[in-house]
Amino acid sequence: MLKINTPMSKLPGSYLFADIAKRVNEFSAKNPDKKLIRLGIGDVTQPLAPAVVNAMTKAVQEMGNKNTFHGYPPAFGYDFLINAIIANDYKSRGVDISPDEVFVSDGAKSDSGNIQELFSSEERIAVTDPVYPVYVDSNAMAGRAGVYSNGMWGQLCYLPVTAENDFVPELPDRHVDVIYLCYPNNPTGTTLTNDQLKPFVDYAIKHGSLIIYDAAYKAFINTPNVPRSIYEIEGAKSCAIECCSFSKTAGFTGVRCAYTIVPKEVFGVDDNIKKVSLRDLWARRQSTKFNGVSYIVQRGAEAVFSPDGKKQCQTTINYYMKNATLIREELKKAGYTVFGGVDAPYVWLKTPNNISGWDFFDLLLKKAQVVGTPGEGFGPSGAGYFRLTAFNTYEATQEALAKILAI
Ligand code: MLT
């Protein structure tokens, strides 16, 4: 009989957002007349920018013509998109990235989940807590997280981010090999300044550790001194891999396009303590297991960086940030303690009367028909917190707030 991957079978429950969808579907089945307002999963609602639609339409036409048809895309992305990423997201910020360090993919979720295939099963992992569950679950599936008990994995190093430390994680108090950081942070919506991020880069250089930096929400940063890329911090190119995405920047959640930077200076060691390039390992992994992003989608992503595309995407980001401001300010006025929502499309709030995040989830669902995400779903330090997203329409966000405040 086939022997299964036991650590995978020990994962608790289902993936957070699948779990929430199940509860919401059960509620809807019992209450078919109740209209729900979804401020739960961070899925976008606004249409693609016209510049993106035009570029994709043109690409579709090219695919229908034998002279301009494209078959398999290059495994790591077309040069036109890689060059646009480098020019707009790195060179413009003084960061030097070469084309063979850019890997275009179908999502930051898949890349940040798959990247752990490069590490030995003994490596020790640190995550901020609360955390985007993909980093934890993907390492747990590979047997690196130990035993799950009382909401915590025995072998993970948790770095709490709560109101008590102003959402700035302490450095690990022991040696860790990999640190996952996501900034602007999902789920708390908070950020780190250059000075707050630098100690992590220094730690990684000193300990020979690797940082996986998820910058999927960088387009929402408004505040000066908050880096959009970890490579703005000196030394980071020797110790960090960065995952970025068009999902939230340009409304690509249903289109699928992202990219990960694996600098040539980042190394690990093999069993004989011989240095191995992580860039080369990732290239090997991707070319074996991934067949690239379609020409049509990559032309759409390229258009995000065109003058019109930039303006149009910024307008949509501003729209979502207006929602974030509304959520923050209305909840604050009503006496809630709220965080985030300034440089990120997520608002993180303390639940009223210290009830659990799941109890608050049930309360909002039953009394206001608003769907949010309980803090506990993101880790033990999320207990007593709740996340609302700014990705719905302004009207729906207004309606949701009116209903929440009327409870
Ligand atoms: C979230 O709600 O945390 C995000 O939508 C998840 C994701 O981007 O995969």
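Everything discussed here concerns the structure shown above.
These figures come from a predicted structure and were not determined experimentally.

Draft legend 1. Layout of the site of the ligand. Neighbouring the ligand are Phe17, Ile41, Gly42, Lys109, Tyr132, Asn186, Tyr217, Lys248, Tyr346 and Arg387. A distance of 2.5 Å separates an oxygen atom of the ligand from a polar atom in the side chain of Tyr132. Within the complex, the protein chains bury 85% of what would otherwise be the 270 Å² of accessible surface of the ligand. Its residues placed into classes, the shell around the ligand shows 5 nonpolar, 2 polar and 3 charged.

Draft legend 2. Highlighting the pattern of salt bridges. One pass over the structure, following the stated rule, counts 18 salt bridges. In this structure, Glu26 and Lys22 form a salt bridge, with 3.9 Å as the shortest nitrogen-oxygen distance. On the criterion of helical spacing, the pair formed by Glu26 and Lys22 is a turn pair, its members being 4 residues apart in helix H2 (residues 16-30). Lys264 is paired through a salt bridge with Asp100; the nearest N and O atoms lie 2.9 Å apart. Highlighted residues: Lys264 in the loop between strand S10 (258-261) and strand S11 (267-269) and Asp100 in the loop between helix H4 (79-90) and strand S2 (102-105), separated in sequence by 164 residues. Judged by relative accessible area, Asp100 falls into the partly exposed class, the value being 33%. A single salt-bridge network, built from bridges that share partners, covers Lys35, Glu399 and Lys403.

Draft legend 3. Quick peek at the sheet that holds strand S13 (residues 338-340). Spatial strand order, S13-S14-S17-S16: 4 strands in an open sheet with antiparallel pairing. Looking at the sheet topology across the chains shown, the edges are occupied by S13 and strand S16 (373-374). Packed onto the sheet, helix H12 (residues 357-368) meets strand S14 (346-350), S16 and strand S17 (385-389) and runs at close to 45 degrees relative to S17.

Draft legend 4. Region of the structure containing the pairing of strand S9 (residues 240-245). Within S9, 6 of the 6 residues are buried, which leaves the element mostly enclosed by the surrounding structure. Of the two faces of S9, both are covered, the one formed by Ala240, Glu242 and Cys244 as well as the one formed by Ile241, Cys243 and Ser245. In terms of strand pairing, strand S8 (residues 210-214) meets S9 through 4 bridges, oriented parallel. The partner of Ile212 across the bridge, within S9, is Ile241. Pairing of S9 with S10, which is carried by 4 bridges, proceeds in the antiparallel orientation. Note that in S10 the partner of Cys244 across the bridge is Tyr259.

Draft legend 5. A look at the packing of H4 against helix H10 (residues 295-304). Where H4 contacts H10, the axes come no closer than 9 Å and their chain directions differ by 25 degrees. Classified by the angle between their axes, H4 and H10 sit roughly parallel to one another. Our pair here, H4 against H10, has a crossing hand that is left-handed. Here Phe80, Leu81 and Ala84 of H4 lie close against H10, whose contacting residues are Tyr295, Gln298, Arg299, Ala301 and Glu302.

Draft legend 6. Representation of the nonpolar core in the model. Residues Phe246 and Phe252 are the most contacted members of the largest nonpolar core, which totals 91 residues. A per-element tally of this core places H4 first, with 7 residues. Structurally, this core is a two-domain feature, drawing no fewer than three residues from each of domain 1 (14-47 + 308-405) and domain 2 (54-306). Apart from the residues lying within four places of it in its own chain, the contact partners of Phe246 are Leu81, Ile85, Gly251, Phe252, Cys257, Ala258, Tyr259, Ala301, Val304 and Phe305.

Conventions and cut-offs
- Residues numbered from 1 in each chain as written.
- Predicted model: local features only at pLDDT ≥ 70, side-chain atom pairs only at ≥ 80, totals over all residues.
- Heavy atoms only, no water.
- Near = heavy atom within 4 Å.
- Polar contact = N/O pair within 3.5 Å; in protein donor to acceptor, adjacent residues only side chain to side chain.
- Areas by Shrake-Rupley, 256 points an atom, 1.4 Å probe, with all protein chains shown as cover.
- Nonpolar A, V, L, I, M, F, W, Y, C, P; charged D, E, K, R; others polar.
- Salt bridge = Lys/Arg side-chain N within 4 Å of Asp/Glu carboxyl O.
- Helix = DSSP H or I, 4+ residues; strand = E, 2+ residues; numbered from the N terminus.
- Buried < 20%, exposed > 50% of the residue type's maximum accessible area, 1.4 Å probe, protein only.
- Pairing = 2+ DSSP bridges.
- Contact = heavy atoms within 4.5 Å.
- Axes fitted to C-alpha atoms, helices over the stretch in contact; angles between N-to-C directions.
- Parallel < 35°, antiparallel > 145°, perpendicular 65-115°, else oblique.
- Left-handed = near helix turned anticlockwise from the far one by under 90°.
- Core = buried A, V, L, I, M, F, W, Y, C linked by side-chain atoms within 4.5 Å.
- Domains from an automatic or database assignment.

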